[in-house]
Amino acid sequence: MEKLKDRVAIVTGGSAGIGRAAVLKLADEGAKIAIWDIDEAQGQELANELSSRSIQAIFQKVNTADPEAVNSAAEEVIRQLGRIDILINNAGITRDATIKKMTNDQWDQVIAVNLTGVFNCIKAASPNMIENGSGRIINTSSVVGLAGNFGQTNYAATKAGVIGMTKTLARELGKYQITVNAVAPGFIATEMVKAMPEKVIEMMISKTPLGRLGTPEDIASAYVFLASDDASFITGTVISVDGAVTL
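Residues numbered from 1 in each chain as written. Predicted model: local features only at pLDDT ≥ 70, side-chain atom pairs only at ≥ 80, totals over all residues. Heavy atoms only, no water.

Draft legend 1. Structural context of the layout of surface pockets. Each pocket or cavity is described by its volume, and for the second largest pocket that value is around 150 Å³. Taken together, Phe-119, Ile-122, Lys-123, Ser-126, Met-165, Thr-168, Leu-169, Glu-172 and Leu-173 make up the lining of the second largest pocket. Those elements that place two or more of their residues in the lining of the second largest pocket are α4 (104-132) and α6 (153-173). The biggest single contributor to the lining of the second largest pocket is α6, with five residues. (1 Å grid on protein atoms, 1.4 Å probe; cavity = no way out; pocket = protein on both sides within 12 Å on 5 of 7 lines; lining within 4 Å. Points joined across faces, edges and corners; volume = space filled by probe spheres on them. Helix = DSSP H or I, 4+ residues; strand = E, 2+ residues; numbered from the N terminus.)

Structural data, given as C-alpha coordinates:
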(Lines give C-alpha, C1' and ligand atoms only; values in the text may rest on other atoms or scores of the structure.)
Protein backbone atom coordinates (compact mmCIF):
# COMPACT_ATOMS: atom_id res chain seq x y z
CA MET A 1 0.00 0.00 0.00
CA GLU A 2 1.32 3.44 -0.96
CA LYS A 3 1.31 5.57 2.19
CA LEU A 4 1.72 8.88 0.37
CA LYS A 5 -0.32 8.32 -2.79
CA ASP A 6 -0.79 11.55 -4.78
CA ARG A 7 0.69 13.77 -2.07
CA VAL A 8 3.10 16.45 -3.22
CA ALA A 9 6.49 16.57 -1.49
CA ILE A 10 9.29 19.10 -1.72
CA VAL A 11 12.74 17.79 -0.78
CA THR A 12 15.49 20.37 -0.42
CA GLY A 13 19.03 19.16 -1.09
CA GLY A 14 17.30 16.33 -2.91
CA SER A 15 19.80 15.46 -5.62
CA ALA A 16 22.29 13.37 -3.61
CA GLY A 17 22.96 11.60 -0.32
CA ILE A 18 20.17 11.59 2.23
CA GLY A 19 18.05 13.86 0.03
CA ARG A 20 18.21 11.48 -2.93
CA ALA A 21 17.32 8.52 -0.69
CA ALA A 22 14.34 10.51 0.61
CA VAL A 23 13.17 11.36 -2.90
CA LEU A 24 13.28 7.70 -3.93
CA LYS A 25 11.47 6.47 -0.80
CA LEU A 26 8.77 9.15 -1.05
CA ALA A 27 8.27 8.26 -4.71
CA ASP A 28 8.01 4.56 -3.86
CA GLU A 29 5.19 5.48 -1.47
CA GLY A 30 3.26 7.24 -4.25
CA ALA A 31 4.24 10.87 -3.72
CA LYS A 32 4.74 13.43 -6.47
CA ILE A 33 8.14 15.04 -5.99
CA ALA A 34 9.71 18.48 -6.35
CA ILE A 35 13.49 18.20 -6.04
CA TRP A 36 15.13 21.45 -4.91
CA ASP A 37 18.91 21.67 -5.17
CA ILE A 38 21.70 23.81 -6.58
CA ASP A 39 23.21 20.81 -8.41
CA GLU A 40 21.33 21.01 -11.68
CA ALA A 41 22.94 17.99 -13.37
CA GLN A 42 22.28 15.48 -10.58
CA GLY A 43 18.88 16.93 -9.74
CA GLN A 44 17.59 16.82 -13.30
CA GLU A 45 19.00 13.32 -13.77
CA LEU A 46 17.05 12.13 -10.72
CA ALA A 47 13.85 13.81 -11.89
CA ASN A 48 14.28 12.17 -15.31
CA GLU A 49 14.83 8.79 -13.64
CA LEU A 50 11.56 9.14 -11.72
CA SER A 51 9.69 10.35 -14.81
CA SER A 52 10.91 7.26 -16.71
CA ARG A 53 9.16 5.21 -14.01
CA SER A 54 5.91 7.19 -14.57
CA ILE A 55 6.39 9.09 -11.30
CA GLN A 56 5.49 12.77 -11.49
CA ALA A 57 8.65 14.67 -10.56
CA ILE A 58 10.20 18.05 -11.28
CA PHE A 59 13.62 19.50 -10.59
CA GLN A 60 14.08 23.16 -9.63
CA LYS A 61 17.43 24.84 -9.13
CA VAL A 62 16.90 26.59 -5.80
CA ASN A 63 19.24 28.28 -3.37
CA THR A 64 17.21 28.00 -0.17
CA ALA A 65 19.09 30.96 1.32
CA ASP A 66 17.43 33.20 -1.30
CA PRO A 67 13.84 33.96 -0.21
CA GLU A 68 12.75 35.22 -3.63
CA ALA A 69 14.01 32.05 -5.32
CA VAL A 70 12.24 29.92 -2.73
CA ASN A 71 8.94 31.80 -3.08
CA SER A 72 9.08 31.50 -6.86
CA ALA A 73 9.86 27.77 -6.68
CA ALA A 74 6.98 27.12 -4.25
CA GLU A 75 4.56 28.90 -6.60
CA GLU A 76 5.83 26.75 -9.47
CA VAL A 77 5.30 23.55 -7.45
CA ILE A 78 1.69 24.55 -6.86
CA ARG A 79 1.26 25.44 -10.54
CA GLN A 80 2.72 22.18 -11.84
CA LEU A 81 1.79 19.67 -9.12
CA GLY A 82 -1.32 21.30 -7.66
CA ARG A 83 -0.47 21.76 -3.98
CA ILE A 84 2.17 21.26 -1.27
CA ASP A 85 1.55 18.49 1.26
CA ILE A 86 5.04 17.67 2.52
CA LEU A 87 8.14 19.81 2.99
CA ILE A 88 11.41 18.10 3.91
CA ASN A 89 14.08 20.64 4.81
CA ASN A 90 17.09 18.47 4.13
CA ALA A 91 19.54 20.93 2.51
CA GLY A 92 22.60 21.78 4.59
CA ILE A 93 26.27 22.70 4.39
CA THR A 94 29.31 22.62 6.67
CA ARG A 95 32.16 25.11 7.00
CA ASP A 96 34.05 23.61 9.94
CA ALA A 97 36.66 25.41 12.03
CA THR A 98 37.42 26.01 15.68
CA ILE A 99 36.16 29.30 17.09
CA LYS A 100 39.73 30.69 16.95
CA LYS A 101 39.89 30.08 13.20
CA MET A 102 36.27 30.42 12.09
CA THR A 103 35.70 33.41 9.83
CA ASN A 104 32.60 35.57 9.69
CA ASP A 105 31.99 34.25 6.18
CA GLN A 106 32.07 30.64 7.42
CA TRP A 107 29.57 31.53 10.12
CA ASP A 108 27.29 33.48 7.77
CA GLN A 109 27.26 30.85 5.02
CA VAL A 110 26.16 28.05 7.36
CA ILE A 111 23.53 30.20 9.08
CA ALA A 112 22.17 31.30 5.69
CA VAL A 113 21.59 27.78 4.37
CA ASN A 114 21.00 25.64 7.46
CA LEU A 115 18.82 28.01 9.46
CA THR A 116 17.57 30.91 7.33
CA GLY A 117 17.04 28.49 4.44
CA VAL A 118 14.72 26.37 6.59
CA PHE A 119 12.80 29.50 7.61
CA ASN A 120 12.50 30.61 3.97
CA CYS A 121 11.12 27.24 2.84
CA ILE A 122 8.57 26.99 5.64
CA LYS A 123 7.52 30.59 5.07
CA ALA A 124 6.92 29.82 1.37
CA ALA A 125 5.24 26.41 1.69
CA SER A 126 3.09 26.79 4.81
CA PRO A 127 0.44 29.18 3.37
CA ASN A 128 -0.66 26.49 0.89
CA MET A 129 -0.73 23.91 3.69
CA ILE A 130 -2.83 26.28 5.81
CA GLU A 131 -5.20 26.78 2.88
CA ASN A 132 -5.48 23.00 2.47
CA GLY A 133 -5.98 22.38 6.20
CA SER A 134 -3.17 19.83 6.42
CA GLY A 135 0.55 19.37 5.95
CA ARG A 136 3.79 17.75 7.08
CA ILE A 137 6.95 19.77 7.71
CA ILE A 138 10.07 17.76 8.50
CA ASN A 139 13.27 19.57 9.41
CA THR A 140 16.72 18.01 9.44
CA SER A 141 18.63 18.70 12.64
CA SER A 142 21.60 16.61 13.80
CA VAL A 143 23.01 14.89 16.86
CA VAL A 144 25.41 17.85 16.80
CA GLY A 145 22.44 20.11 17.53
CA LEU A 146 21.74 18.04 20.64
CA ALA A 147 25.25 17.46 21.94
CA GLY A 148 27.56 19.92 20.16
CA ASN A 149 30.75 18.98 18.34
CA PHE A 150 34.32 20.21 18.34
CA GLY A 151 35.00 22.59 15.44
CA GLN A 152 31.35 22.99 14.47
CA THR A 153 30.11 26.04 16.34
CA ASN A 154 28.26 27.33 13.28
CA TYR A 155 26.77 23.97 12.27
CA ALA A 156 25.74 23.04 15.83
CA ALA A 157 24.12 26.45 16.33
CA THR A 158 22.01 26.01 13.20
CA LYS A 159 20.95 22.48 14.07
CA ALA A 160 19.98 23.50 17.61
CA GLY A 161 18.13 26.46 16.11
CA VAL A 162 16.20 24.12 13.82
CA ILE A 163 14.97 22.25 16.90
CA GLY A 164 13.74 25.48 18.48
CA MET A 165 12.03 26.44 15.23
CA THR A 166 10.41 23.01 14.99
CA LYS A 167 8.90 23.19 18.47
CA THR A 168 7.65 26.75 18.01
CA LEU A 169 6.05 26.10 14.63
CA ALA A 170 4.40 22.92 15.91
CA ARG A 171 2.57 25.19 18.35
CA GLU A 172 1.71 27.80 15.73
CA LEU A 173 0.59 25.48 12.92
CA GLY A 174 -1.10 22.69 14.85
CA LYS A 175 -4.52 24.34 14.59
CA TYR A 176 -4.28 23.92 10.81
CA GLN A 177 -3.54 20.18 11.16
CA ILE A 178 0.05 20.75 10.09
CA THR A 179 2.64 18.71 11.95
CA VAL A 180 6.21 19.97 12.35
CA ASN A 181 8.93 17.55 13.42
CA ALA A 182 12.70 17.20 13.23
CA VAL A 183 15.01 14.29 12.50
CA ALA A 184 18.47 14.28 14.09
CA PRO A 185 20.81 12.00 12.11
CA GLY A 186 23.93 10.54 13.67
CA PHE A 187 26.95 9.32 11.71
CA ILE A 188 25.57 8.52 8.25
CA ALA A 189 27.42 6.79 5.41
CA THR A 190 27.05 9.51 2.79
CA GLU A 191 29.63 9.87 0.03
CA MET A 192 31.26 12.69 2.03
CA VAL A 193 31.65 10.50 5.12
CA LYS A 194 32.84 7.47 3.14
CA ALA A 195 35.62 9.63 1.68
CA MET A 196 37.01 10.30 5.17
CA PRO A 197 40.13 8.47 6.42
CA GLU A 198 39.44 4.90 7.55
CA LYS A 199 40.61 5.79 11.06
CA VAL A 200 37.96 8.50 11.38
CA ILE A 201 35.22 6.16 10.15
CA GLU A 202 36.31 3.49 12.64
CA MET A 203 36.16 6.08 15.43
CA MET A 204 32.60 7.01 14.41
CA ILE A 205 31.55 3.37 14.43
CA SER A 206 33.20 2.75 17.81
CA LYS A 207 31.12 5.55 19.35
CA THR A 208 27.85 4.12 17.99
CA PRO A 209 26.30 1.38 20.18
CA LEU A 210 24.73 -0.34 17.17
CA GLY A 211 28.24 -0.75 15.77
CA ARG A 212 27.73 0.66 12.28
CA LEU A 213 27.21 3.89 10.39
CA GLY A 214 23.66 4.75 9.48
CA THR A 215 22.59 4.75 5.84
CA PRO A 216 20.82 7.52 3.93
CA GLU A 217 17.88 5.12 3.71
CA ASP A 218 17.68 4.99 7.53
CA ILE A 219 17.05 8.73 7.57
CA ALA A 220 14.75 8.62 4.57
CA SER A 221 12.59 6.01 6.34
CA ALA A 222 12.15 8.39 9.27
CA TYR A 223 11.13 11.15 6.87
CA VAL A 224 8.55 8.90 5.23
CA PHE A 225 7.13 7.83 8.59
CA LEU A 226 6.73 11.43 9.75
CA ALA A 227 5.16 12.38 6.41
CA SER A 228 2.58 9.59 6.61
CA ASP A 229 -0.75 9.24 8.39
CA ASP A 230 1.00 6.85 10.82
CA ALA A 231 2.50 9.97 12.44
CA SER A 232 -0.62 12.13 12.39
CA PHE A 233 -0.50 12.76 16.18
CA ILE A 234 3.25 13.36 16.37
CA THR A 235 4.35 16.98 16.26
CA GLY A 236 6.98 19.17 17.86
CA THR A 237 9.28 16.22 18.41
CA VAL A 238 12.86 15.37 17.51
CA ILE A 239 13.55 11.81 16.37
CA SER A 240 17.20 10.84 16.76
CA VAL A 241 18.21 8.35 14.09
CA ASP A 242 21.71 7.79 15.37
CA GLY A 243 22.27 4.21 16.56
CA ALA A 244 22.21 5.60 20.15
CA VAL A 245 25.41 7.61 19.68
CA THR A 246 24.02 10.39 21.89
CA LEU A 247 23.30 8.15 24.87
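There is more to say after this.
Draft legend 2. Geometry of the sheet that holds strand β7 (residues 238-241). Sheet architecture is open: seven strands sit in the order β3-β2-β1-β4-β5-β6-β7, paired in parallel fashion. With partners counted over all chains shown, the strands left at the sheet margins are β3 (57-61) and β7, one partner each. The average angle at which neighbouring strand axes cross in this sheet is 15 degrees, direction not considered. Along the sheet, helix α1 (residues 17-28) makes contact with β1 (8-12), β2 (32-37) and β4 (86-89), crossing β1 at roughly 170 degrees. Strand contacts of helix α2 (residues 40-52): β2 and β3, with the helix running at about 170 degrees to β3, the strand carrying the most contacts. (Pairing = 2+ DSSP bridges. Axes fitted to C-alpha atoms, helices over the stretch in contact; angles between N-to-C directions. Contact = heavy atoms within 4.5 Å.)

Draft legend 3. Spotlight on the packing of α4 against α6. Contact geometry for α4 and α6: axes closest at 9 Å, N-to-C directions at 15 degrees. Accordingly, the angle class assigned to the pair α4 and α6 is roughly parallel. As α4 packs across α6, the resulting crossing turns out to be right-handed. Judged by residue contacts, Gln-106, Trp-107, Val-110, Ile-111, Asn-114, Leu-115, Val-118, Phe-119, Ile-122, Ser-126 and Ile-130 of α4 engage Thr-153, Asn-154, Tyr-155, Ala-157, Thr-158, Lys-159, Gly-161, Val-162, Met-165, Leu-169 and Leu-173 from α6. Among the residues forming the contact of α4 with α6, the class breakdown is 14 nonpolar, seven polar and one charged. (Parallel < 35°, antiparallel > 145°, perpendicular 65-115°, else oblique. Left-handed = near helix turned anticlockwise from the far one by under 90°. Nonpolar A, V, L, I, M, F, W, Y, C, P; charged D, E, K, R; others polar.)

Draft legend 4. Region of interest: the pairing of β4. Both faces of β4 are covered, namely the face carrying Ile-86 and Ile-88 and the face carrying Leu-87 and Asn-89. Sheet topology note: the β1/β4 ladder contains three bridges and is parallel. The residue of β4 that forms the bridge with Ala-9 is Ile-86. As for the winding sense of the linkage, the β-α-β connection from β4 through α4 to strand β5 (residues 135-140) is right-handed. (Buried < 20%, exposed > 50% of the residue type's maximum accessible area, 1.4 Å probe, protein only. Right-handed = clockwise from strand over helix to strand, strands pointing away.)

Draft legend 5. Empty space enclosed by the protein, seen in detail. If you walk through the whole model with that rule in mind, you get one cavity of 30 Å³ or more. Quantified by volume, the largest cavity comes out at close to 30 Å³. Around the largest cavity sit Thr-12, Thr-64, Asn-89, Asn-90, Ala-91, Val-113, Gly-117, Val-118 and Cys-121, which together line it. For the lining of the largest cavity, the element with the most residues is α4, which contributes four residues. Across the lining of the largest cavity, the residue classes tally to four nonpolar, five polar and no charged.

Draft legend 6. Looking closely at the nonpolar core. In this structure, Leu-26, Ile-33 and Tyr-223 are the most contacted members of the largest nonpolar core, which totals 31 residues. If you list the elements that add at least two residues to this core, you get β1, α1, β2, α2, β3, β4 and α9 (216-227). Broken down by element, this core gets its largest block of residues, seven residues, from α9. When neighbours within four sequence positions are excluded, Ile-33 is seen to be in contact with Ala-9, Val-23, Leu-26, Ala-27, Leu-50, Gln-56, Ala-57, Ile-58 and Leu-81. Core analysis: the second largest hydrophobic core is formed by 27 residues, Trp-36, Ala-74, Ile-84 and Ala-170 among them. (Core = buried A, V, L, I, M, F, W, Y, C linked by side-chain atoms within 4.5 Å.)

Draft legend 7. Broad picture of the environment of Leu-81. Among the secondary structure elements, Leu-81 is positioned in helix α3 (residues 67-81). Note: C-alpha distance between Leu-81 and Lys-207 (126 residues apart in sequence) is 43 Å. If we ignore the near neighbours within four places in the chain, the residues touching Leu-81 are Val-8, Lys-32, Ile-33, Ala-34, Gln-56 and Ile-58.

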